[in-house]
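Commentary on secondary and tertiary structure
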Amino acid sequence: MESVRWTPQSRLFLAMDVNDEESFKEIVESMKFIVGGFKIGLEAISVFGIQRIIEDFGVPAKMIFYDGKFNDIPNTVGKAVSAVSKLGVGIINVHASAGKKAMKAAVENKGDSRIFAVSVLTSLDDRDAKHIFGGSAEEVVRRLAYDAWESGVDGLICSPQEVKLIRELEDLDALELITPGVRPKWAAANDQERVTTPEEAIYFGSDLLVVGRPILQPADGMTPTEAAISIIEEIKSGLKLRNW
């Protein structure tokens, strides 16, 4: 898999969990020259539709991380990925727990898009992971990471707390890592369980960070633009620490 050269700015994706049309457009207009891309999740996809977001809301397709989290039989996953990839989006994700065949179907139908596999949602703690998957979050992420790598995906989505684990597994060096559940020190954790700061996530080996509420609902006295710039500065700091 071809490696991507990320800049500090391009490493930050803004989670667009917004269902108001005017707010959505305003955020895109103010942020598209600041962040590296936009994660468009189920809320916005359901309300607006991805084609409208591209054509009417001014979001460049290549800047879109289509967060559909496909989790179905291989044939359905493959067809869904094919349909979305034809729109020219940059990233599409699929649940690793859908199995190797489904991930391979996604890879075979990705076109020019990149496929990332979701491991364990960052809202789940170890007790949740054991109940759902039969092991701790770390154990499950490790297992699913190998499944994802063997399926040929471009990368894995995991909590920043598991990034260090993945980076210590030599066979998985080629996997790009996207980490949600990133919270600056000045932001609340909200419903995320396994979190770190942007600086820590990058230092551990994350490639892309997905941040939503800390930017869209920043700390008192801070604008969304200032919040995004502050996070990019943390990314720069994490890269310096990583390279020392």
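Here's what I pulled together on the structure shown here. On a predicted model such as this, the values are computed, not experimentally measured, just so you know. (Residues numbered from 1 in each chain as written. Predicted model: local features only at pLDDT ≥ 70, side-chain atom pairs only at ≥ 80, totals over all residues. Heavy atoms only, no water.)

**Details of the pairing of strand β8 (residues 208–211)**
The cut-off we apply is this: Burial classes follow relative accessibility: with a 1.4 Å probe on protein chains only, a residue under 20% of its type's maximum area counts as buried, one over 50% as exposed, and anything between as partly exposed. Secondary structure elements are defined from DSSP: runs of H or I of at least 4 residues count as helices, runs of E of at least 2 residues count as strands, and each element is numbered from the N terminus. Pairing between strands is defined by DSSP: at least two bridges between them are needed.
Side chains Leu 208 and Val 210 of β8 all project onto a buried face; the interleaved residues Leu 209 and Val 211 project onto the opposite face, where all are buried too. As paired strands, strand β1 (residues 12–15) and β8 are joined by three bridges and run parallel to one another. Each bridged residue has a counterpart across the sheet, and for Leu 14 the counterpart in β8 is Val 211.

**As for the pairing of β1**
In plain terms, the rule: Assignment of crossover handedness uses the view with strands pointing away from the viewer, where a clockwise path from the first strand over the helix to the second indicates a right-handed crossover.
Residue alternation in β1 divides its side chains into two sets, Leu 12 and Leu 14 and Phe 13 and Ala 15, and both sets are buried. Bridge count for β1 against strand β2 (residues 37–40) is three bridges, and the pairing is parallel. Within β2, the residue paired with Leu 14 across the bridge is Phe 38. With helix α1 (residues 21–31) bridging β1 and the parallel β2, this β-α-β connection has right-handed handedness.

**Things to note about the packing of aromatic side chains**
Stated formally: Planes of paired rings set the category: under 30 degrees apart is stacked, over 60 is edge-to-face and the rest tilted, where pairs are Phe, Tyr or Trp rings (Trp by its six-membered ring) whose centres lie within 6.5 Å.
On inspection of all chains with the given rule, the structure shows six aromatic pairs. An angle of 70° between the planes, with centres 5.3 Å apart, marks the rings of Phe 24 and Phe 48 as edge-to-face. With Phe 24 in helix α1 and Phe 48 in helix α2 (residues 42–48), the pair connects residues that are 24 residues apart, well separated along the chain. Members of the aromatic cluster, each reached through a chain of ring pairs, are Phe 24, Phe 48 and Phe 57.

**Thoughts on the pattern of salt bridges**
Our working rule: Salt bridges are identified by distance alone: a Lys or Arg side-chain nitrogen within 4 Å of an Asp or Glu carboxyl oxygen.
Taken as a whole and judged by the stated rule, the model has 13 salt bridges. A salt bridge links Glu 150 to Lys 100; the shortest N-O distance between them is 2.5 Å. On the criterion of sequence distance, the pair formed by Glu 150 in helix α7 (residues 137–151) and Lys 100 in helix α5 (residues 100–108) is long-range, its members being 50 residues apart. Lys 100 sits in the partly exposed class, given a relative accessible area of 34%. Between Arg 114 and Asp 154 there is a salt bridge, and its shortest N-O distance comes to 3.8 Å. One end of the pair, Arg 114, is in strand β5 (residues 114–118); the other, Asp 154, is in the loop between α7 and β6 (155–157), with 40 residues separating them in the sequence. The pair Arg 114 / Asp 154 is uniform in exposure class, with both members buried. In this structure, a network of salt bridges that share partners links the residues Asp 17, Lys 39, Asp 67 and Lys 69.

**Structural notes on the sheet that holds β6**
Here is the rule we go by: Between N-to-C directions, angles span 0 to 180 degrees; the directions come from axes that are lines fitted to C-alpha atoms, helices contributing only their stretch in contact.
Pairing is parallel around the closed barrel formed by eight strands, whose spatial order is β1-β2-β3-β4-β5-β6-β7-β8. The average undirected angle you get between the axes of adjacent strands in this sheet is 25°. Examined bridge by bridge, strand β3 (residues 64–70) and strand β4 (residues 91–95) share three bridges and lie parallel to one another. The partner of Tyr 66 across the bridge, within β4, is Ile 92.

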